[in-house]
There are 2 protein chains.
Amino acid sequence: MGGAEVFSSHTPLREGVEFDVVRRFLSRWGRSASGIGDDAAVLDATGEGNLIATTDSSVENVHFRRDWLTAHEVGYRAAASSLSDLAAMGASPIGILCAVVIPSSWLEESELIADGIADAARASSTVILGGDLSSGGELSITVSALGVARRPLLRSTAKHGDFVYVTGRLGGPSTAISTLLDGNVPAANHRDRFARPIPRIKEALWLAERGVAACIDISDGLIADLGHVAAASDVSISIDLERIPAIEGVSQLDAVASGEEYELAVTSSEELDAKEFVTRFGVELTRIGNVSAGTEKLMLLDHGVRIEPPPGYLHFSK
Amino acid sequence: MGGAEVFSSHTPLREGVEFDVVRRFLSRWGRSASGIGDDAAVLDATGEGNLIATTDSSVENVHFRRDWLTAHEVGYRAAASSLSDLAAMGASPIGILCAVVIPSSWLEESELIADGIADAARASSTVILGGDLSSGGELSITVSALGVARRPLLRSTAKHGDFVYVTGRLGGPSTAISTLLDGNVPAANHRDRFARPIPRIKEALWLAERGVAACIDISDGLIADLGHVAAASDVSISIDLERIPAIEGVSQLDAVASGEEYELAVTSSEELDAKEFVTRFGVELTRIGNVSAGTEKLMLLDHGVRIEPPPGYLHFSK
């Protein structure tokens, strides 16, 4: 049995409060909680591989505002976020379960929400296995995703000497959110990365087949999430700022702090074929740093000179 | 692949609206929804049996009011409700995933909620595999449960000639809720059935081993849920009112309409050993009716005379 990311990311409570509540839950659960600390739970192996399970909620005014997204995007995004946790584990989806709490003010748009959820499932070549519908005072969509992994990708397996890679181009989601919070219209390419994140399922399977060591999906920001990998693996990770693939219109410093990216960061003892990757998936794979045995968990370097990392991504909340 | 109870019960939207929204979701999902219609999804067989998956939300002011339950009971009940769907499928739990949306007004009691969830897991001899924590305006707890069933118990497999049985004594939960809605204090035995329902996991495995035909857990009321079985199995089910095991202080007519019982109703071509059942589990097993080939889906008989069934259980909402 491996473990699940119980209350460690996707948890937009106010800082301090968040960690306090997480700590309280974990301290109470004790031995009832079965192995904690990755993007999803790894269950006993079946004939096909390990069963992988994860759950993720998307709540109005916490993860998004109604005037920022269409109802279709709200449904799509909720499902994509959970499917991205399967990708982070190198799992092929079996299906998703959707629990929707819907207030009367959203009833008119329920079909669009349903369409968005189904589109996210289809885009990851998977199905909706079941769900639950309830009324409530605010819209929240909880998607649980099940998958199977021949070789689950963990956070705790980065090794001294590994190279660090990231998929895609970072910075779109947080730039879109900042722009929206300022009351302005975000650039289309930034908004698209926020409204329609793409779980890197196929990409993760390719990476798993090539024997990558550790893997995480970027929800708290590259720096913060690689910090989780470094802590779980008890290694030091250094990132070269000048190598960061930032989306057009975003600085590399903003890109390393951007959350809700749902891109993958991996470590690998072998060099990966970035050219084959982009040809196959139409998505870039960029080498951005190295893993070493140092005690410093996460170092950000600008042309070799160590700089202070930007503060971790603060999930939008109200 | 079997199917999941997508949006068919545990769905306390206003009548009319509920079915309308359910219909809209299902019509939009089309082939993306993989086999709908039971208490949980039945997935492809592994070495141990079929994988079973279900999800269920518990929302403040929809499923309970804060002054009705302790925080511990709120957590316990949310997990028990989802585990009961595994029981209805004859599945042994593998574990649960918990997504908790928690408003600041509940933060002080988060440990008690966590305790309640863990107690429900322990009571069903299972573990918490992972979860997600988010802030929000109202408390909602979505528990997804995974299990494995050597022989999944479906709703669609009742046969002409089967006997109908029910576990436990019915009527406690709805009587407790009515009393609470009237501003009075419910009897301890009624309140206990509402606040601490017991998923009949071990009992369901015993029933599955004895080859029962169809099985459902009672969430919408015995009459309504056996109506689901009759419809799914295309049979007629008759219930003898005078046989109904009602909890002390509740009429048999109220007992057949009481929802959120989480007792099991099963059909079986063979007579079941009720004496062994009560000795083994400390819970009664009562023969209450018969399955026939008629076109009338559900008939309620009072000493052989057909009577009008009471209206279906209306889930509490605000």
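You'll find the structure just up there.
Described in the following lines is the structure provided in the data block. (Residues numbered from 1 in each chain as written. Chains lettered and ligands numbered in written order. Predicted model: local features only at pLDDT ≥ 70, side-chain atom pairs only at ≥ 80, totals over all residues. Heavy atoms only, no water.)

Brief notes about the overall build of chain A
- Looking only at helices and strands, chain A features 9 helices and 12 strands.
- Burial analysis of chain A (318 residues in total) assigns 63% to the buried set.
- Within chain A, counting contacts between residues at least 6 apart in sequence, those at least 24 apart form 85% of the total.
- In the form shown here, chain A has an accessible surface area of approximately 11,300 Å², with 50% of it arising from carbon and sulfur atoms. (Helix = DSSP H or I, 4+ residues; strand = E, 2+ residues; numbered from the N terminus. Buried < 20%, exposed > 50% of the residue type's maximum accessible area, 1.4 Å probe, protein only. Contact = heavy atoms within 4.5 Å. Areas by Shrake-Rupley, 256 points an atom, 1.4 Å probe, with all protein chains shown as cover.)

Some thoughts on the sheet that holds strand β8 (residues 236–240) of chain B
Residues and elements named next belong to chain B.
- Taken in spatial order, the 7 strands line up as β7-β9-β6-β10-β8-β11-β12 in an open sheet, and their pairing is mixed. The open sheet has two edge strands, β7 (214–217) and β12 (305–307), and neither has a second partner. If you compare each strand with its neighbour and ignore which way they point, the axes differ by 30 degrees on average.
- Relative to strand β9 (residues 264–268), β7 runs antiparallel, the two being bridged by 4 bridges. Bridging across to β9, Ile 216 finds its partner in Ala 265. (Pairing = 2+ DSSP bridges. Axes fitted to C-alpha atoms, helices over the stretch in contact; angles between N-to-C directions.)

Regarding the environment of B:Gly90
Residue and element names in this part refer to chain B.
- You can see Gly 90 is positioned in the loop between α2 (71–88) and β3 (92–102).
- Taking relative accessible area as the criterion, Gly 90 reaches 4% and is therefore assigned buried.
- Note: C-alpha distance between Gly 90 and Lys 202 (112 residues apart in sequence) is 8.7 Å.

A short note on the packing of helix α4 (residues 172–181) of chain A against helix α5 (residues 188–195) of chain A
All names here are of chain A.
- Two elements in contact, α4 and α5, have axes whose closest approach is 7 Å; the angle formed by their N-to-C orientations is 105 degrees. Our classification of the angle between α4 and α5 gives roughly perpendicular. Seen from α4, the contacting residues are Gly 172, Pro 173, Thr 175, Ala 176, Ile 177 and Leu 180; seen from α5, they are His 190, Arg 191, Arg 193 and Phe 194. (Parallel < 35°, antiparallel > 145°, perpendicular 65-115°, else oblique.)

Details of the sheet that holds strand β10 (residues 285–292) of chain A
Residues and elements named next belong to chain A.
- Read from one edge to the other, the open sheet built from 7 strands follows the order β7-β9-β6-β10-β8-β11-β12, with strand pairing classed as mixed. Edge positions in the sheet fall to β7 (214–217) and β12 (305–307), since each of these pairs with one other strand and no more. Here the strands of the sheet are splayed against their neighbours by 30 degrees on average, with no regard to which way each runs.
- Helix α2 (residues 71–88) rests against β7 and β9 (264–268) of the sheet, and its axis sits at about 175 degrees to β7.
- The sheet strands contacting helix α7 (residues 222–233) are β6 (163–167), β7, β8 (236–240), β9, β10 and β11 (298–302), and the helix crosses β7 at an angle near 145 degrees.

Observations regarding unusual backbone geometry
- If you check the backbone angles, A:Glu260 has positive phi at about 50 degrees while not being a glycine.
- Position of A:Glu260 relative to the elements: it lies in the loop between α8 (252–255) and β9.
- With relative accessibility at 3%, the residue A:Glu260 sits in the buried group.
- For B:His303, which is not a glycine, the phi torsion comes out positive at approximately 50 degrees.
- Within the element layout of this structure, B:His303 appears in the loop between β11 (298–302) and β12.

Let's talk about the side chain of A:Asp220
- On the secondary structure map, A:Asp220 appears in the loop between β7 and α7.
- Within polar-contact distance, the side chain of A:Asp220 engages the side chain of A:His228 at 3.2 Å. (Polar contact = N/O pair within 3.5 Å; in protein donor to acceptor, adjacent residues only side chain to side chain.)

Focus on the packing of aromatic side chains
- One pass over the structure, following the stated rule, counts 8 aromatic pairs over all chains.
- Between B:Trp206 and B:Phe281, the aromatic rings sit 6.3 Å apart at their centres with planes inclined by 85 degrees, giving edge-to-face as the arrangement. Taken together, the positions of B:Trp206 in helix α6 (residues 201–209) and B:Phe281 in helix α9 (residues 274–281) put the pair 75 residues apart, joining distant regions of the chain. As far as burial versus exposure is concerned, B:Trp206 and B:Phe281 are alike and both buried.
- Here the aromatic residues A:Trp206, A:Phe277 and A:Phe281 are joined through ring pairs into a cluster of three or more.
- Positioned above the aromatic ring of A:Tyr76, the side-chain terminus of A:Arg196 is 4.1 Å from the ring centre. (Phe/Tyr/Trp six-rings, centres within 6.5 Å; stacked < 30°, edge-to-face > 60°. Lys NZ or Arg CZ within 6 Å of the ring centre and 35° of its normal.)

Brief notes about the pairing of β9(B)
Residue and element names in this part refer to chain B.
- Burial analysis of β9 places 5 of its 5 residues in the buried class, the great majority of the element.
- Along β9, one buried face is formed by Leu 264, Val 266 and Ser 268 and the opposite face, lined by Ala 265 and Thr 267, is buried too.
- Note: strand β6 (residues 163–167) against β9, 4 bridges, orientation antiparallel. The partner of Tyr 165 across the bridge, within β9, is Val 266.

Here's the deal with helix α9 (residues 274–281) of chain A
- Of the residues that open α9(A), the one with a side-chain oxygen 3.2 Å from the backbone nitrogen of A:Lys275 is A:Asp273.
- With its phi angle positive at about 70 degrees, A:Gly282 sits one or two positions after the end of α9(A).

Brief notes about the environment of A:Glu270
All names here are of chain A.
- Mapped onto the fold, Glu 270 is located in the loop between β9 and α9.
- Residues Glu 270 and Val 166, spaced 104 residues apart in sequence, show a C-alpha to C-alpha distance of 15 Å.
- Non-local contacts of Glu 270, meaning those with residues more than four positions away in its chain, are made with Phe 163 and Tyr 165.

Describing the pattern of salt bridges
- In this structure the tally under the stated criterion is 32 salt bridges over all chains.
- A:Arg77 is the partner of A:Glu260 in a salt bridge, and the nearest nitrogen-oxygen pair spans 2.4 Å. Placement of the pair is A:Glu260 in the loop between α8 and β9 and A:Arg77 in helix α2, with a sequence separation of 183 residues.
- By relative accessible area, which is 4% here, A:Arg77 ends up buried.
- When the shortest N-O distance is used, the salt bridge between B:Arg200 and B:Glu203 registers 3.9 Å. Comparing B:Arg200 with B:Glu203, the two get one shared label, buried.
- Counted as one network, the salt bridges with shared partners bring together A:Arg193, A:Arg200, A:Glu203, A:Glu261 and A:Glu263. (Salt bridge = Lys/Arg side-chain N within 4 Å of Asp/Glu carboxyl O.)

Brief notes about the environment of B:Gly116
All names here are of chain B.
- Take Gly 116: it is sitting in helix α3 (residues 110–123).
- Overall, the relative accessible area of 0% leaves Gly 116 in the buried class.
- For Gly 116, the residues in contact, after removing those within four places along its chain, are His 72, Gly 75 and Tyr 76.

Some words on the packing of helix α6 (residues 201–209) of chain A against α9(A)
Residues and elements named next belong to chain A.
- Contact geometry for α6 and α9: axes closest at 11 Å, N-to-C directions at 150 degrees. By the angle class used here, α6 and α9 are roughly antiparallel. Between α6 and α9 lies a crossing of right-handed hand. Between α6 and α9, the residues in contact are Lys 202, Glu 203, Trp 206 and Leu 207 and Glu 276, Phe 277, Arg 280 and Phe 281, respectively. (Left-handed = near helix turned anticlockwise from the far one by under 90°.)

Digging into the pairing of strand β4 (residues 128–135) of chain A
Residues and elements named next belong to chain A.
- Most of β4 is tucked away: 8 of the 8 residues are buried.
- Bridging between strand β3 (residues 92–102) and β4 involves 7 bridges; their strand directions are parallel. When the bridges of β4 are listed, Ile 102 appears paired with Ser 135.
- Between the parallel pair β3 and β4, the chain is carried across by helix α3 (residues 110–123), and the sense of this crossover is right-handed. (Right-handed = clockwise from strand over helix to strand, strands pointing away.)

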